[in-house]
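Spelled out from the first residue to the last, the chains are:
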Amino acid sequence: MERICLVFLALVPACIRGQGVYAPAQAQIIHAGQACVVKEDNISERVYTIREGDTLVLQCLVTGHPRPQVRWTKTAGSASDKFQETSVFNETLRIEKIQRLQGGRYYCKAENGVGVPAIKSIRVDVQYLDEPVLTIHQTISDVRGSFYQEKTVFLRCTVNSNPPARFIWKRGAETLSHSQDNGVDIYEPLYTQGETKVLKLKNLRPQDYASYTCQVSVRNVCGIPDKSIAFQLTNTTAPPTLKLSVNETLVVNPGDNITIQCSLTGGDPLPEVVWSHSPSPMPQNSLVQGGNLTIWRIHVEDSGYYNCTAINNVGNPAKKTVNLLVRSMKNVTFQITPDVIKESESIQLGQDLKLSCHVDAVPQEKVFYFWYKNGKPARMSDRLLITRNDPELPPVTSSMEIIDLRFSDYGTYLCVASFQGAPIPDLSVEVNISSETVPPTISVPKGQSTITVREGSRAELQCEVRGKPKPPIIWSRVDKEAPMPSGTMTEETYDGKLRLESVSREMSGTYKCQTARYNGFNIRPREAMVQLNIQFPPVVEPTFQDIRQGLGRSVTLRCTMLKGSPMKVATAVWRFNGNLLTLPPAEQQDYSELKVDSVIRDTSGSYECSISNDVGVSTCLFQVSAKAYNPEFYYDTPNPTLSQKQSKNYSYILQWTQKEPDAVDPILRYRLEVRPVYQFANGKLHLYSQASGQLSQRNTIQTFIPVQKMEKGLLLEHVLPNLKVPQSYEVRLTPITSFGAGDMASRIIQYLEPINSPSPADNTCHFEDEKICGFMQDRMDNFDWTRQNAQTQNPKRTVNTGPPTDISGTKEGYYMFIEASRPRVEGDKARLISPLYNITAKYYCVSFYYHMYGKHIGSLNLLVRVKNKRAIDTQVWSLSGNRGNKWQQVHVPINPPGPFQIIFEGVRGTNYEGDIAIDDVTLKKGDCPRKPIGPNKAVALPGNGVPTLHRSSLCGPLTFFLYVLLR
């Protein structure tokens, strides 16, 4: 198909190139954070290694049209396939201060509705090394003789790390090895997975009493330093022992002040004594001083187990526990149990009767019960039996059993629960036994079996209980295994009424009320049911629908009621642009329809259908028009940015397709609006306001792009020239049909430097993009390179050093430099590392501009890092001293034998006038311009003025031929 290229602002047809550009999503994960290394393991799995506490940055690069949406998820860890509940919907995943539990497999899922989603993954391996823990254990043999000579000591060193740590044992300054003499053995216990090493000192000798050090190392992975712990072993080394000043169970009264002494009786070195409380933290009204625990004005909530633990890492920790009980009583209840043998449920003369009494107390077993009849103490007899622990009831429940009930046994019985001799108030409960004492019945009042209320209002469910005494009522849900609104499975009321505030539709259902078996008869519960119906407004579909049609076509709008209570449409009211529409009456259904006979300008707009079920109103909203849908920008254009740094301008290839072009009338043209997103003024970056109409009119360039042909999937193209480096621009694109303007689409286009690919091409990095072409700061150096231009540099910067602008001479152009001012000191290094390049040629040429101006200039070095079994850095070029206030270019040939990176190393000189800068870095295949080093082109060392060739530049495992061209 013929290609017609559009020129910016030129009114010529848009380029139509190819069909079917809709493509499924594809994804690739790259890293941009503080990774130690990204490698492929033995099963071709990508592994991202990072140090705990560093920042994880993973970017999911996607292609596909329309633009795919990205979602990040992760598995819970290496041992689980369960996904975490949260997801990140962004192309970049960033985790600050990553922790070890955040390691695992991360998935990037990209989907755009075309084909199947693309899923890529990478395993994040978080590296860490904790402080080691050293414990000492000892055994004594049965051999007679000197006690210390027959003692065997085990020094156990344990550490948590990833990767597994390497252990080094030292006695004083001497490094110990396995079986270096008959008295030393080093081994790894079973089931420790390399995290524990034991140093065994057999048949302890006098020379074994010394200082021992356990040093752990992860071989400097991710720059993690080694750690160590030391212990002085003597002939008095012993595990801790303790004694308490109180018994293991301590009962106190509320309000008391108590002190518990936990004393050390042994241990060398001196153990550390720690108090803890379970199941809750230590109370706020407590104080620990040494081994003494004091609690002032103790509360019931302070009850629990208090643990005194002594630790000196010798043997096992010594531990003593005190069960502290604070006396309390609450919830006194009674039960009336008719004759169980005769299976009676009522009180009858001549049958047995049992009255029971229980109180919840601490300590439970210290409660005493006293029974009274008509105000006088009840005395045991052949017919009156009193037990303190009824085996048929909860522990420490007192029962009074009346054998062969007689009329004279009628009366008022009182049960009193007491802590004798303690200042705790007694609790009592009264039971009346007479001919009027009858078991309960329960029923629902007339007209109350079904309760109907509106959502959000108050509901009251009621059950009536008759009988004497009246027991509490227990409410629960019947048709749903769900808790009550209070959050508990049951709810107790004493008046038979269940009160529910602000009810919701989820509370609808059947509720059961039943009599409790306490504070009344201990018989089968009586039950009744109450139905609760919650009325709520209708739920309709669609809540919003965007309908597009060509001019003159008809459309039918339907608003459907999905659910509601009651489930019927009482009224349906239609409005157009807020004005009421008159419709003929229709049969009562679960939907309402409106037909628009012809979509024209006068019938285009907002249609609203309000459906009511006499409880509430819900609305369907329809937007009807003949407007065209929005364009869909194409983000996969290869190399859309074309630039020349010397001119500080660039061009951008803008491509797009039209969403559903056949839904409306043909698209005639596009309105294109372009405006800069930011500008530089007075050395500061100013954002253009999206809401500033005046600013938009003044800075926006508008043009129209005619369209000759339009089909779904056709790719349209327009070239935007003369854009200013490094500004970004907002582009707005609006389709126009015979109906008028359609939906606008907008995007930001940015000037992007070419990011060096794994296979080097002839790319030049101008550092105009914040991504600086994939270069990274070295985490192991002293300070960082800085990206700046003439407008962002510090106005208080040191004079007489550093470049005024970049190589292009414009204020907007960026470069990389090192700042020699404080806190930098002589010899500090800043290293800038390129991406990793694969070998695709034998020779390469590194070209760049440098600026070395100032009387304290240090050195600028170029190194090549070759990736093999380990990284090898070789210096291939170096320059030192003041080179004048100008940019100069150098070409350095290299022939690396394997995958490589280039490193720019700036070294701070003797003082602060020593800023060094670089710009326009190019890596290309082939030889450099062949101009050998002349006497006036050699590297000059500072201070002597004698031209010197750096021999170190030519040394190393690589062979390099160095030709330097200064110009």
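Description of the structure in this document. Remember, predicted model here, so these are calculated numbers, not experimental data.

Of the regular secondary structure elements, the protein holds one helix and 76 strands. By the burial criterion, 47% of the 967 residues in the protein qualify as buried. Sequence-distant contacts in the protein: of pairs separated by 6 or more residues, those separated by 24 or more amount to 70%. Of the roughly 48,800 Å² that the protein leaves accessible, carbon and sulfur atoms contribute 50%.

Let's shift gears to the sheet that holds strand β46 (residues 544-548). Pairing is mixed across the open sheet formed by five strands, whose spatial order is β46-β52-β51-β48-β49. Every other strand in the sheet has two partners, leaving β46 and β49 (579-580) as the edge strands with one partner each. Of the strand pairs in this sheet, strand β48 (residues 571-576) and strand β51 (residues 605-612) are connected by six bridges, and their pairing is antiparallel. Among the inter-strand pairings, tryptophan 574 is bridged to a residue of β51, identified as cysteine 609.

This next bit is on the sheet that holds strand β2 (residues 23-31). Ordered in space as β2-β5-β8, the three strands form an open sheet in which the pairing is antiparallel. Looking at which strands have only one partner, the edges of the open sheet turn out to be β2 and β8 (92-95). Strand after strand, the sheet turns through a mean of 15 degrees between neighbouring axes, direction not considered.

At the junction of histidine 65 and proline 66, the peptide bond is cis and its omega measures out at 0 degrees in the coordinates. Within the element layout of this structure, proline 66 appears in the loop between β5 (56-65) and β6 (69-77). With an omega of -10 degrees, the peptide bond running from valine 362 to proline 363 counts as cis. Inspection of the secondary structure puts proline 363 in the loop between β29 (353-362) and β30 (368-373). A positive phi is found at arginine 219, a non-glycine position, where the angle reads about 60 degrees. Turning to its location among the elements, arginine 219 is positioned in the loop between β18 (211-217) and β19 (227-232). Given a relative accessible area of 52%, arginine 219 falls into the exposed group. One non-glycine residue, glutamate 343, lies in positive phi territory at about 55 degrees. Summarising the element assignment, glutamate 343 is placed in the loop between β28 (328-337) and β29.

Once that is clear, we can look at the pattern of salt bridges. Tallying each qualifying case throughout the model produces 37 salt bridges. Residue lysine 354 pairs with glutamate 392 through a salt bridge whose shortest N-O separation is 3.0 Å. Note that lysine 354 is positioned in strand β29 and glutamate 392 in the loop between β32 (384-387) and β33 (398-402), a separation of 38 residues in sequence. Here glutamate 392 falls in the exposed class, since its relative accessible area comes to 61%. Lysine 512 serves as the salt-bridge partner of glutamate 527, at 3.7 Å between the closest nitrogen and oxygen. Within this pair, whereas glutamate 527 is found in strand β45 (residues 527-541), its partner lysine 512 is found in strand β43 (residues 509-515), the two being separated by 15 residues in sequence. The class for glutamate 527 is partly exposed, based on a relative accessible area of 43%. Here the salt bridges do not stand alone but share partners, grouping Arg458, Glu460, Asp495, Lys497, Arg499 and Glu501 into one network.

Inspection of every chain in the model, using the stated rule, returns 13 aromatic pairs. For the pair tyrosine 815 and phenylalanine 817, a centre-to-centre distance of 6.2 Å together with 70 degrees between the ring planes defines the contact as edge-to-face. Just as tyrosine 815 is buried, phenylalanine 817 falls in that class too. Ring pairs connect the aromatic residues Phe767, Phe775, Phe848, Tyr850, Trp877 and Phe904, which therefore count as one cluster. Just above the ring of tyrosine 22 sits the side chain of lysine 712; from NZ or CZ to the centre is 5.9 Å.

Glancing now at the state of the cysteines. Two cysteines joined by a covalent bond between their sulfur atoms form a disulfide. What the rule picks out here adds up to eight disulfides. At a sulfur-sulfur separation of 2.1 Å, the disulfide partner of cysteine 357 is cysteine 415. Classification of the bridge connecting cysteine 357 and cysteine 415 rests on its S-S torsion, roughly -90 degrees, and on that basis the disulfide is left-handed. With cysteine 357 in strand β29 and cysteine 415 in strand β34 (residues 411-418), this pair connects stretches of sequence that are 58 residues apart. In terms of burial, cysteine 357 and cysteine 415 fall into one category: buried.

Attention now goes to the side chain of glutamine 351. Position of glutamine 351 among the secondary structure elements: in the loop between β28 and β29. Side-chain polar atoms of glutamine 351 contact the side chain of serine 344, separated by 3.4 Å. If sequence neighbours within four positions are ignored, glutamine 351 has contacts with Asp339, Lys342, Ser344, Ser346, Ile402, Asp404 and Leu405.

Below, the discussion takes up the side chain of arginine 747. By secondary structure assignment, the location of arginine 747 is in strand β63 (residues 745-749). Within the buried set, arginine 747 has no salt-bridge partner at all; the shortest N-O distance to an opposite charge, 9.0 Å, is to aspartate 636. Side chain to side chain, arginine 747 and tyrosine 652 meet in a polar contact 3.1 Å long. Those residues within four positions of arginine 747 in sequence are excluded, and the remaining contacts are Phe633, Tyr634, Tyr635, Tyr652, Leu654, Tyr729, Glu730 and Val731.

About the thresholds
- Residues numbered from 1 in each chain as written.
- Predicted model: local features only at pLDDT ≥ 70, side-chain atom pairs only at ≥ 80, totals over all residues.
- Heavy atoms only, no water.
- Helix = DSSP H or I, 4+ residues; strand = E, 2+ residues; numbered from the N terminus.
- Buried < 20%, exposed > 50% of the residue type's maximum accessible area, 1.4 Å probe, protein only.
- Contact = heavy atoms within 4.5 Å.
- Areas by Shrake-Rupley, 256 points an atom, 1.4 Å probe, with all protein chains shown as cover.
- Pairing = 2+ DSSP bridges.
- Axes fitted to C-alpha atoms, helices over the stretch in contact; angles between N-to-C directions.
- Salt bridge = Lys/Arg side-chain N within 4 Å of Asp/Glu carboxyl O.
- Phe/Tyr/Trp six-rings, centres within 6.5 Å; stacked < 30°, edge-to-face > 60°.
- Lys NZ or Arg CZ within 6 Å of the ring centre and 35° of its normal.
- Disulfide = S-S within 2.5 Å.
- Polar contact = N/O pair within 3.5 Å; in protein donor to acceptor, adjacent residues only side chain to side chain.
- Lys, Arg positive; Asp, Glu negative; His and termini not counted.

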